[in-house]
Amino acid sequence: MRRILVTNDDGIYAEGLRCLAESLEELGEVWIVAPDREQSASSHAITLHRPLRVTEVDERTFAVDGTPADCVNIAVNGLLKFRPDLVASGINRGGNLGDDVTYSGTVSAAMEATLLGIPAFSISLAGRENLNYTPAGQFARRLAEIVFRHGMPSEGVFLNVNVPPVSSVSEIKGVAFTVQGRRKYGEAIVEKVDPRGRKYYWIGGDELGFEYIENSDIVMVLRRYISVTPLHLDLTHRESLRILEDWKNELEKF
Ligand code: MN
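Residues numbered from 1 in each chain as written. Predicted model: local features only at pLDDT ≥ 70, side-chain atom pairs only at ≥ 80, totals over all residues. Heavy atoms only, no water.

## Focus: the overall build of the protein
- The helix and strand tally for the protein stands at seven helices and 11 strands.
- Relative to the compact-globule value of 18 Å for 254 residues, the protein shows a C-alpha radius of gyration of 20 Å, a close match.
- Considering only C-alpha atoms, the protein reaches an extent of 60 × 55 × 45 Å along its principal axes.
- Taking all 254 residues of the protein together, the buried fraction comes to 46%.
- Taking as baseline every contact in the protein between residues at least 6 positions apart, the subset at least 24 positions apart corresponds to 76%.
- Taken as a whole, the protein presents about 14,400 Å² of accessible surface, with 50% of it coming from carbon and sulfur.
- Looking at charge distribution, the protein has the averaged site of its 28 positive side-chain charges lying 0 Å from that of its 36 negative ones. (Helix = DSSP H or I, 4+ residues; strand = E, 2+ residues; numbered from the N terminus. Rg over C-alpha atoms; globule rule 2.2 N^0.38 Å. Buried < 20%, exposed > 50% of the residue type's maximum accessible area, 1.4 Å probe, protein only. Contact = heavy atoms within 4.5 Å. Areas by Shrake-Rupley, 256 points an atom, 1.4 Å probe, with all protein chains shown as cover. Lys, Arg positive; Asp, Glu negative; His and termini not counted. Charge placed at Lys NZ, Arg CZ, Asp CG, Glu CD.)

Right, here's the structure in full:
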């Protein structure tokens with residue numbers, strides 16, 4: 001019997017989480033350990049300076065007053081009495097594409113699982129309104145089946161999936177294996193004054209366009225492909241190591 005851990009960053013009552021859990025039920029026993037409220041853009045944060053509380057809200061369903069990474073960590077290292085065969089995170093409300101991946105709690109839950117040596121994927125629905133999670137759920141089930149059959153493509157790698165917002169599966173053009181794209185960020189800070197006369201700032205989330213990178217997650221989702229990006233946690237830029245060698249003599253004269 002396979003056991004699958006499902007989590008997210010939109011919180012335990014999110015529609016996408018329910019869809020993902022239901023989609024994976026045919027493949028094994030689904031356990032949900034998810035944040036008790038929305039934790040979007042919580043990145044890979046873990047909670048170290050206060051206790052974490054876990055509430056059993058249903059059969060095999062637990063709410064945690066922490067981040068997505070907390071959920072995976074607690075589940076795997078203590079709460080569950082077994083090691084899950086797969087961790088699936090999502091289905092996020094909104095895409096996790098390009099640079100946004102580094103802010104994403106959804107993606108970080110899959111990262112945390114990868115650090116713990118468990119096969120994982122994150123899955124997001126790249127739209128904002130009138131979202132139909134069913135096609136993404138169907139794809140998640142298929143992907144999980146294939147991961148069970150083949151394992152992950154490489155050690156230390158997880159898959160970040162983005163599904164275009166469509167009303168039915170037939171509108172999807174296919175599956176594309178992609179590279180991480182690049183967004184263009186602008187001056188999206190809102191500066192205002194609060195009722196007590198103090199200034200406040202609000203970081204805007206407006207989508208301001210993207211760089212056109214062929215075969216990037218952003219471009220392929222716009223073309224209505226399901227994007228699958230293999231990600232790993234090693235952020236080292238290896239080419240720069242060679243360039244840095246030229247700095248060495250100067251740098252060592254400190
Ligand atoms: Mn989210």
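## Focus on the coordination of the manganese ion
- Protein coordination of the manganese ion is provided by Asp9 (OD), Asp10 (OD), Ser40 (OG) and Asn92 (OD1), with donor distances spanning 2.1 to 2.3 Å.
- Of note, the manganese ion draws all its donor residues from one chain, in the sequence arrangement D-D-x29-S-x51-N. Of this pair, Asp10 sits in the loop between strand 1 (3-7) and helix 1 (15-24) while Ser40 sits in the loop between strand 2 (29-35) and strand 3 (54-58), and the two are 30 residues apart along the sequence.
- A relative accessible area of 30% means that Ser40 is categorised as partly exposed. (Donors = N, O, S within 2.8 Å, 3.2 Å for Na, K, Ca; no water.)

## Section: the environment of Val190
- Its place among the elements puts Val190 in strand 9 (residues 189-193).
- Separated by 14 residues in sequence, Val190 and Gly204 place their C-alpha atoms 6.6 Å apart.

## Section: the nonpolar core
- Counting 59 residues, the largest nonpolar core has Val6, Leu24, Phe121 and Ile123 as its most contacted members.
- For this core, the leading source of residues is helix 4 (residues 134-150), giving seven residues.
- Look past the residues within four positions of Val6 in its chain and what remains in contact with it is Leu17, Leu20, Ala21, Leu24, Val30, Trp31, Ile32, Val33 and Ala88. (Core = buried A, V, L, I, M, F, W, Y, C linked by side-chain atoms within 4.5 Å.)

## With respect to the sheet that holds strand 3
- With mixed pairing, the nine strands of this open sheet are ordered in space as 3-4-2-1-5-6-7-11-8. Only two strands of the sheet have a single partner each, and these edge strands are strand 3 and strand 8 (174-177). Here the average twist between neighbouring strands, direction ignored, is 25°.
- Relative to strand 7 (residues 157-163), strand 6 (residues 120-125) runs parallel, the two being bridged by five bridges. Of the residues in strand 7, the one forming a bridge with Leu125 is Val163.
- Packing against the sheet, helix 2 (residues 68-79) makes contact with strand 1, strand 2, strand 3, strand 4 (61-64) and strand 5 (86-93), and its axis sits at approximately 130° to strand 2. (Pairing = 2+ DSSP bridges. Axes fitted to C-alpha atoms, helices over the stretch in contact; angles between N-to-C directions.)

## Thoughts on the environment of Asn73
- Among the secondary structure elements, Asn73 is positioned in helix 2.
- Separated by 40 residues in sequence, Asn73 and Val33 place their C-alpha atoms 10.0 Å apart.
- The contacts of Asn73, once residues within four sequence positions are left out, are Gly78, Glu112 and Leu116.

## Concerning the pairing of strand 5
- With respect to burial, strand 5 is a largely interior element, seven of its eight residues being buried.
- Looking at chain direction, strand 1 and strand 5 are connected through four bridges and run parallel. The residue bridging Leu5 from the neighbouring strand is Val87, located in strand 5.
- As defined by bridge partners, strand 5 adjoins strand 6 across six bridges and the pair is classed as parallel. By the bridge assignment for strand 6, Gly90 is matched with Ile123.
- Crossover handedness for the path strand 5 to helix 3 (residues 105-115) to strand 6: right-handed. (Right-handed = clockwise from strand over helix to strand, strands pointing away.)

## Quick look at the packing of helix 2 against helix 3
- As a packed pair, helix 2 and helix 3 sit with axes 8 Å apart at the nearest point and diverge in direction by 25°. Between helix 2 and helix 3, the crossing angle belongs to the class labelled roughly parallel. Crossing handedness for the pair helix 2 and helix 3: right-handed. Across from Pro68, Ala69, Val72 and Asn73 in helix 2, the residues of helix 3 making contact are Gly105, Ala109, Glu112 and Ala113.
- Partitioned by chemical class, the residues of the contact of helix 2 with helix 3 number five nonpolar, two polar and one charged. (Parallel < 35°, antiparallel > 145°, perpendicular 65-115°, else oblique. Left-handed = near helix turned anticlockwise from the far one by under 90°. Nonpolar A, V, L, I, M, F, W, Y, C, P; charged D, E, K, R; others polar.)

## So, the packing of aromatic side chains
- One pass over the full model with this rule turns up two aromatic pairs.
- Ring plane angle 5° and centroid distance 6.4 Å describe the contact between Trp31 and Phe62, whose orientation is recorded as stacked. Residue Trp31 is found in strand 2, and its partner Phe62 is found in strand 4; the two are separated by 31 residues along the sequence. Residue Trp31 shares its accessibility class with Phe62, and that shared class is buried.
- The structure contains a cluster of three or more aromatic residues connected by ring pairs, namely Trp31, Phe62 and Phe82.
- Stacked on the ring of Phe82, the Lys or Arg Arg3 has its end atom at 4.2 Å from the ring centre. (Phe/Tyr/Trp six-rings, centres within 6.5 Å; stacked < 30°, edge-to-face > 60°. Lys NZ or Arg CZ within 6 Å of the ring centre and 35° of its normal.)

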